[in-house]
Amino acid sequence: MSDYIKVSDVSRKFFQNGKQLNVLDDISFDVKKSEFICIVGSSGCGKSTLLRILSGLDSHHGGEVDIDGKKIEKPAKERGFVFQEARLFPWLSVKDNIIFALDEGTKKEKEERALAAIKLVGLTGFENAYPKELSGGMAQRTNIARALVNNPSVLFLDEPFGALDAFTKICLQNELLRIKEEENTTMIMVTHDIEEAVYLSDRIIVLGKNPGRIRDIVEVDLPRPRDRNNVFFTETKKKVYDYFFKPVEAVEDYVI
């Protein structure tokens, strides 16, 4: 399978109090079509910055990002983005919040597409509900539906389940995998949750910090659906976990 996303020598610098701050340096990796990639790292390592660069939300960087042979320089409808907060308009219903993301089509066509996205995320019956009437999980489902309504080929997710309770998080993780399989969507997700990364992803990009660099890309070669109590699942999780509590040279090479 050929590379769908190519990230080449990406770097990002900020200036703070007149001093240069190197947030990302020499980031290079490839992503296959319909792959699920998770990016993990400690706070301040540049995970969210990298995600914004990949999606085109941040164009002030060095290096290059290509998706399907096209250089990424700005956001586009074919690239969906799910933020950690749902960011719904409180005066609009679930359906109208999703329709807001659509630029093209008649009123009827937009409504049909919104209803299809609502069905995809399991919110049928709540089309006319308002954000104040939704649970946290339902609000995030609406957020995901809004990102999916334009049928993006790539979906970027910035800690979308970070504020949810454990039960709701597990339910939405499974929903996300179902959507990925149904829509054949390439997904790249930032998370602080190592177990979540092992459960969801095909590969995990581990970022170090000061500046943010790739310490390793861990293959998660485990069958789906995955058992969180399986010994190989636990060993994969420990391998990623050790990158944050051991020096690079001390991280063991686990055979998974």
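All figures in this text were calculated on a predicted structure; none of them were measured in a lab.

Participant: In this structure, what is going on with the overall build of the protein chain? I would like to understand it.
Facilitator: Counting secondary structure elements, the protein chain contains 7 helices and 10 strands. Projected onto its principal axes, the C-alpha positions of the protein chain cover 60 × 45 × 40 Å. Here the protein chain, with 256 residues, has 50% of them falling under the buried criterion. Contacts in the protein chain between residues far apart in sequence, at least 24 positions, make up 67% of those at least 6 positions apart. For the protein chain, the accessible surface area stands at approximately 13,000 Å², while carbon and sulfur atoms represent 50% of it.

Participant: I would appreciate a short explanation of the sheet that holds strand β9 (residues 203-207) in the present structure.
Facilitator: Adjacent strands of a sheet pair through backbone hydrogen bonds, lying either parallel or antiparallel. Ordered in space as β6-β7-β8-β3-β9-β10, the 6 strands form an open sheet in which the pairing is mixed. Strands at the two margins of the open sheet, each flanked by one partner only, are β6 (79-82) and β10 (214-219). Strand after strand, the sheet turns through a mean of 15° between neighbouring axes, direction not considered. Of the strand pairs in this sheet, strand β7 (residues 154-158) and strand β8 (residues 186-190) are connected by 5 bridges, and their pairing is parallel. In the strand pairing of β8, Phe-156 is matched with Ile-188. Where helix α5 (residues 166-183) meets the sheet, its contacts fall on β3 (36-40), β7 and β8, and the angle it forms with β8 comes to roughly 155°.

Participant: Any chance you could explain the confidence of the model for the protein chain here in plain terms?
Facilitator: Low-pLDDT portions of the prediction should not be read for the details of their coordinates. Residues at a pLDDT of 70 or more form 95% of the protein chain, whose mean pLDDT is 91. Within the protein chain, the lowest mean pLDDT, 92, falls on strand β1 (residues 3-16), and the highest, 98, falls on β3. In the predicted structure, residues 250-256 sits below a pLDDT of 50 and forms 14 contacts with residues beyond four places in sequence or in another chain.

Participant: Please clarify how the packing of aromatic side chains should be interpreted in this entry.
Facilitator: Each pair of aromatic rings is reported with the distance of its centres and the angle of its planes. Taken as a whole and judged by the stated rule, the model has 3 aromatic pairs. Between Phe-81 and Phe-83 the ring centres are 4.5 Å apart and the planes differ by 40°, which places this aromatic pair in the tilted class. Look at Phe-81 and you get buried, because its relative accessible area is 13%. Ring centres of Phe-89 and Trp-91 lie 5.2 Å apart, and the angle between their planes is 35°; this geometry places the pair in the tilted category. On the basis of relative accessible area, Phe-89 is assigned to the partly exposed category, the value being 25%. Three or more aromatic residues link up through ring pairs in this structure, and these residues are Phe-89, Trp-91 and Phe-100. If you follow Lys-33 out to its NZ or CZ, it ends over the ring of Tyr-4, 4.4 Å from the centre.

The rules we used
Residues numbered from 1 in each chain as written. Predicted model: local features only at pLDDT ≥ 70, side-chain atom pairs only at ≥ 80, totals over all residues. Heavy atoms only, no water. Helix = DSSP H or I, 4+ residues; strand = E, 2+ residues; numbered from the N terminus. Buried < 20%, exposed > 50% of the residue type's maximum accessible area, 1.4 Å probe, protein only. Contact = heavy atoms within 4.5 Å. Areas by Shrake-Rupley, 256 points an atom, 1.4 Å probe, with all protein chains shown as cover. Pairing = 2+ DSSP bridges. Axes fitted to C-alpha atoms, helices over the stretch in contact; angles between N-to-C directions. pLDDT = per-residue confidence, 0-100. Phe/Tyr/Trp six-rings, centres within 6.5 Å; stacked < 30°, edge-to-face > 60°. Lys NZ or Arg CZ within 6 Å of the ring centre and 35° of its normal.

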